[in-house]
Amino acid sequence: MTSDIRNIVVLTGAGISAESGLATFRGPDGLWEGHRVEDVCTPEALARDPVLVHRFYDARRAALESVTPNAAHEALAHLDAAWPGELLIVTQNVDDLHERAGARRLLHMHGELLSALCAACGMATRWAGAMGHGPECPGCGARALRPDIVFFGEMPYQMDRIDEALTRADLFVSIGTSGAVYPAAGFVQTARHYGAGTLELNLEPSAGSFQFSESRMGKASRLVPQWVSEILGARNH
Ligand code: APR
């Protein structure tokens, strides 16, 4: 790591939460092994079978109560607190483990389990309980709450802010993602185009590994703390 790095963008995926006990999507026992995306993660699925979709997300929301951040989340939160330059943690994850570890410069591009979106008035509300029983929207009263999750075919959140951060990045780090889903899978290309260094920290080679100037294979709970101490150490020289 060179010490002339000032602006960093970090992308995280399900792999960073795996050691906290949350299932990933495409590995063994992955969420997409037990469910078809078309049945639980599309607007059509919600219209066709809202009970099934709510059951899927109500279960994932409830699971948050029994997991805690791991060393990788903690290390990124430490970086967030200590890094004097620009930092943006873009997570594809919908869990709240980054927040619970203390990350602040964070955005959820695929939404959040702990948020409810009203399909009638568009208001998003913090929501910790079940949603399948059709509660009223706190804003407009309509029984039209859906999981505030970006379904396949929907536009991820805050893409302008992400693109702007990528054009300014000196370093782009991808952690725990298979590189299977766009636009997140294309961030490394954008970062490289604007001259950023690119580092991948993942359990195994991903679909995009060839695009990174450096790829380190291993568990996030080991690789992320190691990288954070490197990058903070480089600044003190
Ligand atoms: N440490 C580091 N990486 C890990 C670990 C670990 N302990 N465990 C698994 N991984 C890696 C896997 O090797 C895999 O490459 O994490 C990645 C998880 O990939 P996916 O399950 O595809 O999850 P993700 O990349 O986040 O999926 C992207 O797809 O289904 C959509 O919206 C959903 O946000 C999700 C998006």
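What counts, and where the lines are drawn
Residues numbered from 1 in each chain as written. Predicted model: local features only at pLDDT ≥ 70, side-chain atom pairs only at ≥ 80, totals over all residues. Heavy atoms only, no water. Buried < 20%, exposed > 50% of the residue type's maximum accessible area, 1.4 Å probe, protein only. Helix = DSSP H or I, 4+ residues; strand = E, 2+ residues; numbered from the N terminus. Pairing = 2+ DSSP bridges. Right-handed = clockwise from strand over helix to strand, strands pointing away. Domains from an automatic or database assignment. Contact = heavy atoms within 4.5 Å. Buried area = accessible area lost by both parts, 1.4 Å probe. Salt bridge = Lys/Arg side-chain N within 4 Å of Asp/Glu carboxyl O. Polar contact = N/O pair within 3.5 Å; in protein donor to acceptor, adjacent residues only side chain to side chain. Nonpolar A, V, L, I, M, F, W, Y, C, P; charged D, E, K, R; others polar. Near = heavy atom within 4 Å. Areas by Shrake-Rupley, 256 points an atom, 1.4 Å probe, with all protein chains shown as cover.

**Student:** What am I meant to see in the pairing of strand β8 (residues 197–202) here?
**Tutor:** Within a regular beta strand, the side chains point alternately toward one face of the sheet and then the other, so they alternate between its two faces. Within β8, five of the six residues are buried, leaving the element largely enclosed by the surrounding structure. Pairing of strand β7 (residues 171–175) with β8, which is carried by five bridges, proceeds in the parallel orientation. Within β8, the position partnered with Ser174 by the bridge is Glu200. After leaving β7, the chain enters helix α9 (residues 187–193) and then returns to the sheet as β8, a path that is right-handed. Looking at chain direction, β8 and strand β9 (residues 214–217) are connected through four bridges and run parallel. What sits directly across from Asn202, in β9, is Met217.

**Student:** How should I be thinking about the domain arrangement of the chain in this particular structure?
**Tutor:** Interface size is commonly expressed as the accessible surface area that is lost when the partners come together. Under the domain assignment used here, the chain contains domain 1 (1–22 + 68–110 + 156–237) and domain 2 (24–66 + 111–149). Relative placement of domain 1 and domain 2: their C-alpha centres are 26 Å apart. On the domain 2 side, the residues contacting the 17 residues of domain 1 number 13 residues. When residues of domain 1 are sorted by the area they lose upon contact with domain 2, Leu22, Val94 and Tyr157 head the list and together hold 40% of the total. Across the contact surface, domain 1 and domain 2 share zero salt bridges. Inspection of the region where domain 1 meets domain 2 yields four residue pairs in polar contact (both at pLDDT 80 or more). When contributions to the side of domain 1 that touches domain 2 are tallied by element, the ones reaching two or more residues are α1 (15–18) and α7 (97–101). In terms of residue class, the side of domain 1 that touches domain 2 is built from eight nonpolar, five polar and four charged.

**Student:** Whenever I open this one, the site of the ligand confuses me. Can you help?
**Tutor:** Around the ligand sit 22 residues, and of these Phe25, Arg26, Trp32, Thr177 and Ser178 come closest. Between an oxygen atom of the ligand and a side-chain N or O atom of Ser178, the distance comes to 2.6 Å. The backbone of Leu203 places a nitrogen or oxygen atom 3.2 Å from a nitrogen atom of the ligand. In isolation the ligand exposes 740 Å². Once the protein is present, 93% of that is buried. Each of domain 1 (1–22 + 68–110 + 156–237) and domain 2 (24–66 + 111–149) gives at least three residues to the shell around the ligand.

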